[in-house]
Amino acid sequence: QVQLVESGGGLVQAGGSLRLSCAASGLTFSSYAMGWFRQAPGKEREFVATINSSGGSTYYADSVKGRFTISRDTAKNTVYLQMNSLKPEDTAVYYCARLKTRGGLATAVTSYDYWGQGTQVTVSS
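Positions within a chain are numbered from 1, following the residues in the order the chain's sequence is written. pLDDT decides what is reported in this predicted model: residues at 70 or higher carry local features, side-chain atom pairs at 80 or more are listed and counted, and totals for whole chains, interfaces and linings draw on all residues regardless. Hydrogen atoms and water are omitted, and side-chain values are computed over all heavy atoms in the structure.

**A closer look at empty space enclosed by the protein**
It is the rolling of a water-molecule-sized probe over the atoms that shows where space remains empty. A cavity, in this analysis, means grid points on a 1 Å lattice covering only the protein atoms where a 1.4 Å probe fits yet has no way out; a pocket is instead an open set bounded by protein on both sides within 12 Å along at least five of seven lines, and a residue lines either one if it has an atom within 4 Å of a point. Grid points are joined across faces, edges and corners, and a volume is the space filled by probe spheres set on the points. Evaluated as defined, the whole model comprises one cavity of 30 Å³ or more. The space that makes up the largest cavity amounts to roughly 60 Å³.

Right, dumping it as structure tokens:
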């Protein structure tokens with residue numbers, strides 16, 4: 001059974017930092033690309049960042065490039081999202097997800113099959 005559990009969200013002032021974690025269960029964690037998405041009130045879920053199975057390739061949404069860093073620790077079955085220089089527009093519920101197929105990277109919500117429960121990130125002005 002695949003389970004993804006996010007943690008690390010909270011309230012932070014603009015310009016601050018947060019580190020989100022996503023703990024994944026299962027023996028095949030290292031075989032799949034993982035992604036982070038976010039959803040603000042009244043808006044559709046949007047792509048934030050993704051990382052391939054080995055951790056050697058990443059891709060970011062233009063809105064977060066240069067500020068956020070996605071990484072993974074295979075030994076801990078965990079993917080991280082380091083968020084720096086946070087802005088009020090970063091406020092959203094953040095979700096981690098697993099890509100449906102092995103290998104490659106994707107940005108579409110429909111390309112991912114398993115999702116965590118989400119963690120709230122609120123950035124104050």
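Next comes the rest of the write-up.
**Considering the pairing of strand β8 (residues 78-83)**
Per-residue accessibility, obtained with a 1.4 Å probe over protein chains only, is compared with the maximum for each type, and a residue is labelled buried under 20%, exposed over 50%, and partly exposed between these values. Strands are runs of DSSP state E lasting at least two residues, helices are runs of H or I lasting at least four, and both sets are numbered from the N terminus onward. Most of β8 is tucked away, with five of its six residues classed as buried. Bridge analysis of strand β3 (residues 18-24) against β8 gives six bridges, and the strand direction is antiparallel. Residue pairing for β8: S21 is matched across the bridge by Y80. The pairing of strand β7 (residues 68-73) with β8 spans six bridges and is antiparallel. Bridge pairing in β8 places F68 opposite M83. When DSSP locates at least two bridges between a pair of strands, those strands are taken to pair. Taking the residues between adjacent antiparallel strands as the criterion, β7 and β8 are bridged by four residues, where N77 takes a positive phi near 50°.

**Observations concerning the pattern of salt bridges**
Salt bridges, as used here, are contacts in which a Lys or Arg side-chain nitrogen is within 4 Å of a carboxyl oxygen on Asp or Glu. Inspection of every chain in the model, using the stated rule, returns four salt bridges. Linking R67 and D90 is a salt bridge whose minimum nitrogen-to-oxygen distance equals 2.7 Å. Taken together, the residues span a long stretch of sequence, with R67 in the loop between β6 (58-60) and β7 and D90 in the loop between β8 and β9 (92-102) at a distance of 23 residues. The same class applies to R67 and to D90, which are both buried.

**Side note on the sheet that holds strand β1 (residues 4-7)**
Pairing is antiparallel across the open sheet formed by four strands, whose spatial order is β1-β3-β8-β7. The sheet terminates laterally at β1 and β7, the two strands that pair on one side only. Taken over all neighbouring pairs, the strand axes of this sheet differ in orientation by 15° on average, direction set aside. Under this scheme, a helix contributes an axis fitted over its contacting stretch, all axes are lines through C-alpha atoms, and angles between N-to-C directions fall in the 0 to 180 degree range.

**Thoughts on the nonpolar core**
Across soluble globular proteins, nonpolar side chains show a tendency to be buried alongside one another. Membership of the largest hydrophobic core comes to 34 residues, with the highest contact counts inside it found for W36, V48, F68, I70, L81, M83 and Y94. Considering every element that reaches this core, the biggest residue donor is β9, with five residues. For L81, the contacting residues outside a window of four places in its chain are L18, R19, L20, W36, V48, A49, F68, T69, I70 and Y94. By nonpolar core is meant a set of buried Ala, Val, Leu, Ile, Met, Phe, Trp, Tyr and Cys residues that side-chain atoms within 4.5 Å join together. Here a residue-residue contact requires only that any non-hydrogen atoms of the pair lie within 4.5 Å.

**Description of the environment of G8**
Along the chain, G8 falls in the loop between β1 and β2 (10-13). Since its relative accessible area comes to 34%, G8 is described here as partly exposed. When the C-alpha atoms of G8 and L20 are compared, they prove to be 4.5 Å apart, with twelve residues separating the residues in sequence. Discounting chain neighbours no more than four positions away, the residues touching G8 are L18, R19, L20 and T119.

**Quick notes on the state of the cysteines**
Disulfide: a covalent bond formed between the sulfur atoms of two cysteine residues. To count as a disulfide, a pair of cysteine sulfur atoms needs to be within 2.5 Å. Applying the stated criterion across every chain yields a total of one disulfide. Each disulfide pairs two cysteine sulfurs, and for C22 the partner residue is C96, the sulfurs being separated by 1.9 Å. Taking the sign of the S-S torsion, about 50° here, the bridge from C22 to C96 comes out right-handed. Here the residue C22 occupies a position in strand β3, and C96 occupies one in strand β9, the gap between them amounting to 74 residues. For C22, a relative accessible area of 0% corresponds to the buried category. Looking at C96, the relative accessible area reads 0%, which means it is buried.

Geometric values such as these leave the question of function open.
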